[in-house]
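Residues per chain, in single letters:
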Amino acid sequence: MRVVTLAQPDDFDGWRDAARGLMADDVPPDDVVWQVGDAPADLFGTLAPDPPAASADRSTPAFSVPRAFIDLARSVILGSDPERFALLYTLLARLRREPKLIEDRADPLVRRLDRIAKDVRRDIHKMRAFLRFREIEEDGTARFVAWFEPDHHIVRANAAFFVNRFASMRWSILTPEVSIHWDGKALSEGPGASKGDAPDGDPTEEVWKTYYASTFNPARVKVGAMLKEMPRKYWKNMPETDLVPGMIATAQARESGMIAKARDTVGGNSLIAWEALRDEAAGCTRCPLYKPATQTVFGEGPIDAPLMFVGEQPGDQEDLAGRPFVGPAGQMFDRAMADAGLDRSRAYVTNAVKHFKFEQRGKRRIHAKPGAGEIEACRWWIEQEQMLVAPKITVALGATAARSLFGKVMTIGKERGRALQLPGGGEAWITVHPSYLLRLPDKVQAEEEYARFVEDLRMAGARLA
């Protein structure tokens with residue numbers, strides 16, 4: 001039995017080095033016990049440890065693994081599941097025999113690790129969204145201190161985000177496990193702290209409240225959704241939550257002015273707002289689709305694109321890649337865009353629903369049509385994208401996209417081929433989704449429908465002139 005002791009609970013490098021040595025020695029997963037620091041092994045606390053499985057300077061044979069496994073492992077290591085190290089090593093051992101196992105989302109082990117990684121990503125997002133600094137005086141100068149209680153071991157991994165975002169401030173982030181400190185030049189680490197070590201409030205709370213009141217759009221947020229997106233666990237750290245009831249009460253009146261102001265925002269500010277929106281969407285739990293999906297698939301393209309395309313939802317390949325329109329339908333879309341004389345790189349491309357909805361059939365994930373509730377839950381994201389990009393022309397690819405944009409059922413056959421006015425302003429066109437063309441069994445009909453699809457894109461593009 002090998003006992004491997006890692007320096008920290010988020011020690012990815014230590015786990016990787018140990019795993020390389022274990023693989024080189026052909027040590028089976030059942031013969032390895034993983035532990036952190038001086039903590040006892042979770043199942044075999046009385047075992048005397050064997051010699052180290054691997055050391056940093058040991059030369060071991062190369063073992064190539066898919067990039068997707070490395071990315072998965074980096075996230076899973078940050079989790080709080082005590083079995084995460086053993087689970088990853090088990091998957092690594094199986095990948096040696098089954099190189100494509102990482103792609104099998106139906107495999108129980110892969111699914112469990114995916115869930116851990118997803119929970120970690122959500123915790124990272126919550127730390128970035130819900131952490132609040134409060135000002136104190138230290139040696140005659142200002143220092144900002146924040147308290148946060150993460151569910152996973154994400155603090156070190158998240159440190160760079162706060163260094164980049166608050167580079168000019170001197171700050172400390174206190175958590176029960178570890179504390180990190182930035183003096184404006186270097187990052188340092190300290191022991192864990194308690195809630196009492198952090199200040200309760202300070203004058204900068206008014207700044208936070210002013211910022212929040214001017215940027216948050218509550219007109220689309222129901223109270224239930226608000227509680228779900230911003231768990232009460234974090235409310236006590238956030239001064240702006242005192243404003244929520246009043247903001248919701250006056251939301252409708254405020255929304256019109258906010259939309260007009262946002263549409264006047266150009267350049268870098270729009271990009272910052274879009275990046276913040278994308279990061280927020282990464283942790284979206286507005287409908288149950290986030291649970292089985294791999295990740296949120298947000299829109300992409302120039303923030304000032306004059307042409308926006310809205311599809312239905314990510315497919316299997318988009319779900320894995322995290323990008324819209326990269327699978328077979330995306331390839332059909334790219335071909336049609338080129339034939340219509342349009343440049344995809346100059347268009348903004350997104351989906352009405354941001355998570356992949358599917359039915360599991362063996363090892364395959366079969367596309368399932370989003371329901372009305374799922375479309376409605378995701379409308380908020382589409383509205384924000386439209387507000388920031390403010391395209392001159394929006395093209396709805398399929399009935400789901402049309403329903404999302406117009407807020408009601410739209411008939412493609414009736415509305416296709418003519419300019420329509422969107423409820424919030426702007427011109428829209430409706431056509432079929434590229435996946436429809438892929439499903440046509442008759443070759444002649446497929447060619448005819450493809451030519452018609454290209455003509456729809458060409459007409460929409462011509463309106464830009």
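Residues numbered from 1 in each chain as written. Predicted model: local features only at pLDDT ≥ 70, side-chain atom pairs only at ≥ 80, totals over all residues. Heavy atoms only, no water.

Thoughts on the overall build of the chain
Part 1 of the argument: A count of helical and extended segments in the chain gives 18 helices and 14 strands.
Part 2 of the argument: Within the chain, the proportion of its 465 residues that are buried is 48%.
Part 3 of the argument: In the chain, of all internal contacts separated by at least 6 residues, the share reaching a separation of at least 24 is 72%.
Part 4 of the argument: Surface exposure of the chain reaches about 22700 Å², of which carbon and sulfur atoms provide 52%. (Helix = DSSP H or I, 4+ residues; strand = E, 2+ residues; numbered from the N terminus. Buried < 20%, exposed > 50% of the residue type's maximum accessible area, 1.4 Å probe, protein only. Contact = heavy atoms within 4.5 Å. Areas by Shrake-Rupley, 256 points an atom, 1.4 Å probe, with all protein chains shown as cover.)

Details of the layout of surface pockets
Part 1 of the argument: Considering only enclosed or pocket space, the second largest pocket measures out at about 820 Å³ in volume.
Part 2 of the argument: The class makeup of the residues in the lining of the second largest pocket is 15 nonpolar, 11 polar and 10 charged. (1 Å grid on protein atoms, 1.4 Å probe; cavity = no way out; pocket = protein on both sides within 12 Å on 5 of 7 lines; lining within 4 Å. Points joined across faces, edges and corners; volume = space filled by probe spheres on them. Nonpolar A, V, L, I, M, F, W, Y, C, P; charged D, E, K, R; others polar.)

Section: the pattern of salt bridges
Part 1 of the argument: Overall, the coordinates contain 30 salt bridges when judged by the stated rule.
Part 2 of the argument: D319 serves as the salt-bridge partner of R365, at 2.9 Å between the closest nitrogen and oxygen. Of the two residues, R365 sits in strand β11 (residues 364–367) while D319 sits in helix α12 (residues 316–321), which places them 46 residues apart along the sequence.
Part 3 of the argument: In this structure, E385 engages K354 in a salt bridge whose closest nitrogen and oxygen atoms are separated by 2.6 Å. With E385 in helix α14 (residues 372–389) and K354 in the loop between β9 (348–351) and β10 (358–361), this pair connects stretches of sequence that are 31 residues apart.
Part 4 of the argument: Overall, the relative accessible area of 1% leaves K354 in the buried class.
Part 5 of the argument: Each of E300, R323, D334 and R344 takes part in salt bridges that share partners, so that together they form one network. (Salt bridge = Lys/Arg side-chain N within 4 Å of Asp/Glu carboxyl O.)

Quick word on the sheet that holds strand β14 (residues 427–431)
Part 1 of the argument: Reading across the sheet, the five strands line up as β9-β8-β12-β14-β13 and stay open at both edges, with mixed pairing between neighbours. Each edge of the sheet is formed by a strand with only one pairing partner; in this case those strands are β9 and β13 (420–421).
Part 2 of the argument: With four bridges connecting them, strand β8 (residues 307–311) and strand β12 (residues 393–397) associate as parallel partners. The residue bridging M308 from the neighbouring strand is T394, located in β12.
Part 3 of the argument: Across the face of the sheet, α14 comes into contact with β8, β9 and β12 while running at roughly 170 degrees to β9.
Part 4 of the argument: Across the sheet, helix α15 (residues 399–406) lies against β8, β12, β13 and β14, angled at about 135 degrees from β12, the strand it touches most. (Pairing = 2+ DSSP bridges. Axes fitted to C-alpha atoms, helices over the stretch in contact; angles between N-to-C directions.)

Observations concerning the nonpolar core
Generally speaking, a soluble globular protein has its nonpolar side chains buried in company with each other.
Part 1 of the argument: By size, the foremost hydrophobic cluster in this structure holds 54 residues, and its most contacted members are W15, W34, F69, Y89, L91, F133 and W171.
Part 2 of the argument: Sequence-distant contacts of L91, that is, excluding residues within four places in its chain, are made with F69, L72, L101, I102, L109, V110 and L113.
Part 3 of the argument: Counting 32 residues, the second largest nonpolar core, distinct from the first, contains A281, L289, F406 and L420. (Core = buried A, V, L, I, M, F, W, Y, C linked by side-chain atoms within 4.5 Å.)

With respect to the confidence of the model for the chain
Note: predicted coordinates in regions of low pLDDT should not be interpreted at a detailed level.
Part 1 of the argument: Taken as a whole, the chain shows an average pLDDT of 83; of its residues, 79% reach a score of 70 or greater.
Part 2 of the argument: Least confident of the elements in the chain is helix α10 (residues 251–263), whose mean pLDDT is 45; most confident is β9, at 98.
Part 3 of the argument: For the stretch residues 251–268, pLDDT sits under 50, and the model shows 19 contacts to residues farther than four places along the chain or on other chains. (pLDDT = per-residue confidence, 0-100.)

Description of the packing of aromatic side chains
Part 1 of the argument: In total, this model carries 16 aromatic pairs according to the counting rule given.
Part 2 of the argument: Seen in terms of ring centroids, W380 and W381 are 4.9 Å apart; in terms of plane orientation they differ by 85 degrees. Their pairing is edge-to-face.
Part 3 of the argument: Note on W381: relative accessible area 0%, which makes it buried.
Part 4 of the argument: Chaining the aromatic ring pairs together yields one cluster made of F12, W15, W34, F69, F85 and Y89.
Part 5 of the argument: If you follow R335 out to its NZ or CZ, it ends over the ring of Y450, 4.0 Å from the centre.
Part 6 of the argument: A cation over an aromatic ring shows up here: K354 above the ring of F298, its NZ or CZ 5.2 Å from the ring centre. (Phe/Tyr/Trp six-rings, centres within 6.5 Å; stacked < 30°, edge-to-face > 60°. Lys NZ or Arg CZ within 6 Å of the ring centre and 35° of its normal.)

Some points on the pairing of strand β4 (residues 141–147)
Part 1 of the argument: The buried count for β4 comes to five of seven residues, which makes it a mostly enclosed element.
Part 2 of the argument: Here strand β3 (residues 134–138) hands over to β4 after two residues, with D139 in that stretch at a positive phi of 55 degrees.
Part 3 of the argument: Judged from the four bridges that link them, β4 and strand β5 (residues 171–174) form a sheet pairing that is parallel. Each residue of the ladder has a partner; that of V145, found in β5, is S172.
Part 4 of the argument: Assessed by its sense of winding, the connection that carries the chain from β4 through helix α5 (residues 155–165) to β5 is right-handed. (Right-handed = clockwise from strand over helix to strand, strands pointing away.)

So, α15
Part 1 of the argument: When you tally the buried positions in α15, you get six out of eight residues, the bulk of the element.
Part 2 of the argument: Here the buried face of α15 lies against β8, α14, β12, β13 and β14.
Part 3 of the argument: Two residues or fewer after α15 comes G407, characterised by a positive phi angle close to 75 degrees.

A word on the packing of helix α13 (residues 328–339) against helix α18 (residues 443–462)
Two measures define how a pair of helices packs: the angle their axes make with one another and the distance between the axes.
Part 1 of the argument: Between α13 and α18, the least distance of the axes is 9 Å, while the angle of their chain directions is 60 degrees. It follows that α13 is oblique to α18 by the angle criterion. As for how α13 packs across α18, the hand of that crossing is right-handed. In this structure, α13 contributes M332, F333, R335, A336, M337 and D339 to the contact, and α18 contributes Y450, F453, V454, L457 and R458. (Parallel < 35°, antiparallel > 145°, perpendicular 65-115°, else oblique. Left-handed = near helix turned anticlockwise from the far one by under 90°.)

Quick word on helix α1 (residues 12–24)
Part 1 of the argument: Taking 1.5 Å of rise per residue, 13 residues should cover 18 Å, and α1 covers 18 Å from first to last C-alpha, within 8% of that figure.
Part 2 of the argument: Along α1, the residues that are buried comprise F12, W15, A18, A19, G21, L22 and M23.
Part 3 of the argument: Its buried side turned inward, α1 meets β1 (2–6), β2 (32–36), α2 (67–76) and α3 (84–97).
Part 4 of the argument: Measuring from the backbone nitrogen of G14 back to the side-chain oxygen at the start of α1 gives 2.8 Å, which picks out D11 as the cap.
Part 5 of the argument: Just beyond α1, the residue with positive phi is D26, at close to 55 degrees. (Expected span 1.5 Å × (residues − 1). Polar contact = N/O pair within 3.5 Å; in protein donor to acceptor, adjacent residues only side chain to side chain.)

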